[in-house]
Structure formats: C-alpha cells, structure tokens
Amino acid sequence: MAVVEREKLLEVKNLKKHFNVGKNAVLKAVDNVSFDIYKGETLGLVGESGCGKSTTGRTIIRLYEATGGNVTFEGKDVHGKKSRKDLKSFNRRMQMIFQDPYASLNPRMTIKDIIAEGIDIHGLAKNDKERMERVYELLETVGLNRAHASRYPHEFSGGQRQRIGIARALAVDPDFIIADEPISALDVSIQAQVVNLMMKLQKERGLTYLFIAHDLSMVKHISDRVGVMYLGNIVELAESDELYEEPLHPYTQALLSAIPVPDPEVERSRERIILEGDLPSPISPPSGCRFRTRCPHAMDVCASKEPKWLEAREGHWVACHLYDNELNTENKQQ
Amino acid sequence: MKNILELNNVNVSFHTFAGEVKAVRGVNLHLEKGESLAIVGESGSGKSVTSKSIMRLLPEKTSEIKEGEILFEGRDLTKLSNREMEKIRGSEISMIFQDPMTSLNPTMTVGKQIMEGLRKHQNLSKNEAKERAINLLKLVGIPNPELRINEYPHQFSGGMRQRVVIAIALACNPKVLIADEPTTALDVTIQAQILDLMRDLQQKTGTAIILITHDLGVVANLSQRVAVMYGGTIVETGTTDEVFYNPKHPYTWGLLSSMPKLNSADKELMAIPGTPPNLLNPPKGCPFAARCPYAMQVCVDNMPDVTDVTSTHKTACWLLDERAPQVEPPEAALVGGAR
Ligand SMILES: Nc1ncnc2c1ncn2[C@@H]1O[C@H](COP(=O)(O)OP(=O)(O)OP(=O)(O)O)[C@@H](O)[C@H]1O
Ligand SMILES: Nc1ncnc2c1ncn2[C@@H]1O[C@H](COP(=O)(O)OP(=O)(O)OP(=O)(O)O)[C@@H](O)[C@H]1O
Ligand code: SF4
Ligand SMILES: [Mg+2]
Ligand SMILES: [Mg+2]
C-alpha cells in the first residue's frame, strides 16, 4: 500500500478533552492525541475501559467541545467558528453509530421515523413518497425489509437494532462514520453479521470509518490501521498486520498477549505477559510515561520525561523511550 | 464416585404473563472432581438459568424445575429443603457472578464480607476468621491484605473487586465453584490476571469449576471440557480439544467461524443468519433448525437424538444419523491445527 498517495480525510492534531470533576480536579480524558484518517480506510481504536476512546470519537464529531488541539475534515477546521450552513453540511457528512443498540433508539418512534430523521433535518427528500422510498432502500441495504418500517425498536433483536442504527447513519449519505463499539453488546454470531455488513457498505460506498472497540481480534479483522490508547494518550499506531505481528510498545505487547485465542493448543503453549497492578486514575496520571507504573521495561527516564511520538519504522508510530534513539545514544555517552 | 455433580434431564420454566418460558429443556451434564467445565452459547440459551438451578437461586414464585434431578455427591438438590440447601450454598458449592459490584455489599468492609461465610459455615472464632480472610486476600493477589480488609468495595478497582468475590467464593473450600461470566465486565489485561488466578487456584485447591462464558478464547484457556448450549438444550459436549478441533454440530461450526482469527488472512466472517428461537414457544424439532444451513425436514419435525461421537464427545444433530447426507464443516470453522 502506497501510503503517500492516499488522501487524508480527517486530521486530528494534539486533541485534548479535559473534564472538570469536582474541586480543582481535572480529568484529562484525551490528552494530546494526533492521527490522520485516509479516505476509504478503517482506522481502529483500541484500549482498555476509560482510556478515552469514546471521548476521542465524541470530541471529533463535536458532541464534546475540545479543550485544545484541532480537527480538520478535508482541510477545513471542524472546531473553529462556523456558519450554520457549514455546520449542517458537516453534520451530514460525519455520522456516529453507538454502542448500545437498546439505548440509542427512541422507543416511542417507529423505525421509519428513526431512519428518516436525518433525511428530514437535511431536507434530503422532496416529498413523502421519496422519503419512504429512501427508508425502504436503506432497510434493504442493512438486511431488513419494508415490513419492518412501521414497527417499534422493542420488537427487534440487538443485532437488528444495530442494523437500524447503521441505516439511520447511512440515511444522510455520510462520508465518514465513527462507530463506537458497534458490536460489543451483541453475540458473536450476530457480531459477524454487523461487521460483514459494515465492510460491504464500505466497499460499495467508499465510506471511511473510525472503529472503536476493545475486542482486538475484531478490530484487526476490520481495520487497515490500528491505534492503541492508554490513559488518554495514543501509544502506538501502525498498519494492523504490522501492529499485531510486531507490536513495539510494551503496553500493546501485553494487550495482545492477554487476548485469549480460541485455540486450546495455542493457549496451552502461550507465554503471557501478565501486567501487574491496575489502571491508574486519569485524574492524577503517572508523570513521564503514563504506562510506567505497569511497564515491565520501565527505566528512570520514564518517570521524568514524556516519551516522544516517533516513527520507529515506516508508518509505524510509537510513544516509548525504548525506541528513542537520541535518548539511547545520550544514555550511552553518559 | 467420579462425578461430583450430575444433571439429569433438567427442565426449567418461568411463568410469565406472556406464558411459560421453557428456558432449559432436558439438560444432561456431569462434572468430575477437580475438573473444569465450560458452558458456552448464545445470549438467552439457558446458561445462567442452568447454573442458578443448581444453586437453587431461581425466583421461587415465578420459576419451576419441572423435571429432572440435580445430584450433588449423590444427593438430589431439587429435593432438599431451603434450610438444607442453605448449608450447601456458599460452603460446598459457591458461585461468582458477572458483575462484581452487585455481589458485594457496598456498606460492609471487604474483610467482614469474607468472614461472614466463614463464621456461618465453619464455626471459626473472630480472630481465626480474620486470619483466614487475610490469607484468602493474599491468595487472590491483593497487596497489603492486613490493611485492605478494613476497606469498602468502592475503594477497590474492578479487577480487585472480582478478586474479592473469588476470595469469598473460595472461603469455605467449596467442592464446586460456578463462575458465571467472571471476566466479562473486566478489561483484557485484568481478565488475564483473573484467568491466571483461577487456573492457579484450581490447581492448588482442587475445586471443580463450571465456567459460563460466551468467549471461546476464555474456554480454550481454562477448561478441560465444554458444553455448547442453544435454545435451552445442550447441542454438543466433549473435551475442549474435541469441540474445538473436531466440532460436529452446525451451531458449533457457526460459533467457531463467526470469530475472526488473529492469524488468518482477512476473509469474510461466516455469520449465522437469523436469531435464536423464542422460548415461549420453542420449536418442536432441533432448536437450531431455523438458522441451520443444513436443516432437513426431519430437523424441523423431530428433536435429534444424542449421538456418541466418542465416549466423551456427544452431539445432538440429525446429520449424525446414518441416513443423513455426509456434510463437512465449513473451512472457517477449522481452528488452528484442526485435523
Ligand atoms: N462527561 C464526562 N464527565 C467527566 N468525565 C468523563 C466524562 N466522559 C468520560 N469521562 C471520563 O473520561 C475518561 C475516558 O472515558 P471514555 O468514555 O472516553 O473511555 P473509553 O475508552 O470509551 O472507555 P470504555 O471502553 O469503557 O467505553 C474516563 O475516565 C471517564 O470516566
Ligand atoms: N426471571 C425470568 N423470568 C422469565 N424468563 C427468564 C427469567 N430469567 C431468564 N429467563 C429466560 O430464560 C432464558 C435463558 O436465560 P439465561 O439467563 O439462562 O440465558 P444465558 O444463556 O445465561 O444468556 P446470557 O449469555 O445473555 O447471560 C432466556 O430466554 C431468558 O429470557
Ligand atoms: S439437527 Fe438439523 S437443523 Fe439441527 S443442527 Fe443438525 S442439521 Fe442443523
Ligand atoms: Mg467507550
Ligand atoms: Mg447469563
């Protein structure tokens, strides 16, 4: 894959989202996160509960106002002041699918009204007939049928509800979809239905995805590149095969070694890196490298200096002092 | 006697406004001393109801064990009085639930909660119980247990709370430990710690474990035998190797092939179309027939018999009838070194 030729759709630079929690306490949910997303690709975002994945997604789509940094979409600043018209067009082109297929659909609305909400807001249908045509087409696209249009969410299973959520996002013909744990609440056999559907739609419509999840094998399956988050930082980013075959960051290494593989023989012979301790609080994260309190390779410098975001290999980025050549030569000279 | 626990033709129903929900329909299971058995299956397939029926933790007013026996060391638990059951629960058989917060009392110190069971079942003095509580916390890997027994659950992280729950469950050296999704609410790195701990404890204490999960990776990691549930019935059971490397039931094939494999090239996942059966009105034939790509007329009409593939491997599927056509499992269902 020739990375240079690809066109950037979204650029995230030094994104910060801090929450004020109680007296003088600030929770740095997202702190200096930078990455690009290319047109037509899927970028996966993984990491443990509370590391800031959802907050990153929600800040990008402006559900939260950023504390700092910037986001550009096709070269245009997303977070700066915008006219209503620009805002509306931006809202149409960027959509979000949520984790909980139960909570994210209004129980009192019929499926057709849920799906058509965006069509109405953006005036995408000239009349009622055209509106219904679009709804039917969308239902079929996601593997449901016309007869479902006038039913209510509670009459559907989890997987079907997630399809409705996808149809709703697709209704406004977006270019970019942020999918926040779209399959976590579903059974494996149903997860596969939804993932296959998302991949098919991407092919047909050239969609770009930010796919947030904590199931690392599913993320690898769907993503072209994967970013790993820890306590509000991105610690590693690479093409998915490369990341899974040669993880560089000690946290990524531990994370990958911790996933149980559905193969008894592999499990019996596998060496696992078991991390000591628990996730520190994001209100008072460790100084220097945030992972150092659990890192099996931590050095003195890790407590005093934040690691730089380095391109350790072509297209493979990591924030860890182990890969900082300057630092290592400095150390040797001392 | 090898089997410490035996379920024979267990049927459990719930009486609801909508009618009778036949949640568990004719389950046969056995657990040998010191072994670890996993129950896997789709959401709603009856895993939790089966395990709660063993513990007699089902709502008394709305549920009913309609048929069958549950033998613990030869005694039928379904026939015991509540008082007799009370003695067994928590001391001989104990259970861990998915959400560690709901199984801990937020208003009581962690130490008190561990000591409670000890004092109830084992007649220990306060000091003896305290000493044992400290040892248990040490056993499950909580640092500074002497100090931490005086803390409340909210002062512990999610992974540590689950360790406390395990400590409570193990307090009286139970012969059987039922763990219902013990790591589902936890992050992978913490899950790895807990699985490690459970494996270690099983070796040290010889407790037999029933592990309920929907994560086949966890099964491969921890269990010697597996039972696969679907629509309130057990459709396949065998040693972990048999079920992963030589699966016979189409639902097991579907389960194995809908999971992405970390080491395989990106193929389309094989999704199982459709949704599980409605247990208010369960199908009279094979519960999987409506979603099964190989279903024949007989599958719709009649419940398949259990066929012995080996002495340890059993499957309930019409494909194993000698009159049925030969069907090979899909390639996507072949795990790693499947032969
Ligand atoms: N509205 C809010 N106010 C205060 N703190 C918040 C808010 N939203 C999130 N947080 C905190 O920010 C941190 C990151 O949360 P976030 O929801 O982004 O995590 P996540 O990576 O999506 O986790 P999960 O896998 O559990 O969904 C957490 O510590 C969370 O408690
Ligand atoms: N108290 C109840 N009243 C009525 N029906 C119930 C009750 N508890 C469980 N059921 C039904 O019994 C069936 C089996 O439920 P069970 O909780 O055993 O599923 P499970 O296999 O544990 O699923 P999961 O993986 O989602 O935990 C389901 O159809 C469920 O709706
Ligand atoms: S009995 Fe029939 S329907 Fe059921 S799994 Fe076997 S082939 Fe499929
Ligand atoms: Mg989240
Ligand atoms: Mg359950």
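In this numbering scheme, every chain counts its residues from 1 along its sequence in written order. Each chain gets a letter, beginning with A, and each ligand a number, beginning with 1, in the order they are written. Totals for whole chains, interfaces and linings use every residue, but because this is a predicted model, local features are given only for residues with pLDDT of at least 70 and side-chain atom pairs only at 80 or more, for both listing and counting. The side-chain values count all of the structure's non-hydrogen atoms but skip hydrogen atoms and water molecules.

- Looking at an unreviewed UniProt entry, one finds chain B named Peptide ABC transporter ATP-binding protein, with Fictibacillus enclensis as its source organism.

- As recorded by an unreviewed UniProt entry, chain A carries the name Peptide ABC transporter ATP-binding protein and is attributed to Fictibacillus enclensis.
- UniProt positions are given in the numbering used here, feature names are shortened, and annotations may be inferred rather than shown by experiment. As its UniProt record puts it under Sequence similarities (unreviewed entry), chain A is described as follows: "Belongs to the ABC transporter superfamily."

## A short note on the pairing of strand S11 (residues 310–313) of chain A
For a regular strand, side chains alternate in direction, first toward one face of the sheet and then toward the other.
Piece 1. Strand pairing is defined by DSSP finding a minimum of two bridges between the two strands. In DSSP terms, a helix is any run of H or I states spanning at least four residues, a strand is any run of E spanning at least two, and both are numbered starting from the N terminus. As judged from the three bridges shared by S11 of chain A and strand S12 (residues 316–318) of chain A, these two strands associate in the antiparallel manner. For Glu311 of chain A, the partnering residue across the bridge sits in S12 of chain A and is Trp317 of chain A.

## Regarding the sheet that holds strand S9 (residues 225–230) of chain A
Residue and element names in this part refer to chain A.
Piece 1. Taken together, the eight strands give an open sheet; going across it, the order is S6-S7-S8-S3-S9-S10-S12-S11, and neighbouring strands pair in mixed fashion. Looking along the sheet, the strands with just one partner apiece sit at the ends: strand S6 (94–97) and S11. When the angles between neighbouring strand axes are averaged without regard to direction, this sheet yields 20 degrees.
Piece 2. On the sheet, helix H1 (residues 53–60) packs against strand S3 (42–46), S6, strand S7 (176–180), strand S8 (208–212) and S9 and is oriented at approximately 150 degrees with respect to S8.
Piece 3. Contact criterion: two residues are considered in contact whenever any of their non-hydrogen atoms come within 4.5 Å of each other. All axes are obtained by fitting lines to C-alpha atoms, using only the stretch in contact for helices, and the reported angles, taken between N-to-C directions, cover 0 to 180 degrees. Where helix H9 (residues 250–258) meets the sheet, its contacts fall on S3, S9 and strand S10 (233–239), and the angle it forms with S9 comes to roughly 105 degrees.

## Topic: the side chain of Glu181 of chain B
All names here are of chain B.
Piece 1. Assignment of secondary structure puts Glu181 in the loop between strand S7 (176–180) and helix H8 (188–205).
Piece 2. Only protein chains enter the accessibility calculation, which uses a 1.4 Å probe. A residue is then buried if its area is under 20% of the maximum for its type, exposed if over 50%, and partly exposed in between. Charge counting treats Lys and Arg as positive and Asp and Glu as negative, with His and both chain ends excluded. Take a side-chain nitrogen of Lys or Arg and a carboxyl oxygen of Asp or Glu: if they are within 4 Å of each other, that pair is a salt bridge. Put simply, Glu181 is tucked away with no salt bridge, and the nearest opposite charge, on Lys47, sits 4.9 Å away.
Piece 3. When residues no more than four places from it in sequence are discounted, the contact partners of Glu181 are Lys47, Gln98, Ile212, Thr213 and His214.

## Things to note about the pattern of salt bridges
Residue and element names in this part refer to chain A.
Piece 1. Tallying each qualifying case throughout the model produces 38 salt bridges over all chains.
Piece 2. Taking the shortest distance from any N to any O, the salt bridge between Lys126 and Glu130 comes out at 3.3 Å.
Piece 3. A residue is classified by how much of its surface remains accessible, and Lys126, at 73% relative accessible area, is exposed.
Piece 4. Here Glu140 ties to Arg146 by a salt bridge, and the two come within 3.7 Å at their closest N and O atoms.
Piece 5. Take Glu140: its relative accessible area is 46%, and that puts it in the partly exposed class.
Piece 6. By relative accessible area, which is 44% here, Arg146 ends up partly exposed.
Piece 7. Each of Glu7, Lys39, Glu74, Arg93 and Asp175 takes part in salt bridges that share partners, so that together they form one network.

## Remarks on the packing of aromatic side chains
Piece 1. Note on aromatic contacts: the rings of Phe and Tyr and the six-membered ring of Trp form a pair at centre separations within 6.5 Å, being stacked when their planes are under 30 degrees apart, edge-to-face when over 60 apart, and tilted otherwise. As enumerated under the stated definition, the model contains 11 aromatic pairs over all chains in all.
Piece 2. Taking 5.4 Å as the distance between ring centres and 85 degrees as the angle between the ring planes, the aromatic pair formed by Phe19 of chain A and Tyr64 of chain A counts as edge-to-face. Here the residue Phe19 of chain A occupies a position in strand S1 (residues 8–20), and Tyr64 of chain A occupies one in the loop between H1 and strand S4 (68–73), the gap between them amounting to 45 residues.
Piece 3. Residue classification places Tyr64 of chain A among the partly exposed residues on the basis of a relative accessible area of 26%.
Piece 4. Relative to Phe288 of chain B, the ring of Tyr230 of chain B lies with its centre 5.1 Å away and its plane at 80 degrees, an arrangement referred to as edge-to-face. Here the residue Tyr230 of chain B occupies a position in strand S9 (residues 225–230), and Phe288 of chain B occupies one in the loop between helix H11 (250–257) and helix H12 (297–301), the gap between them amounting to 58 residues.

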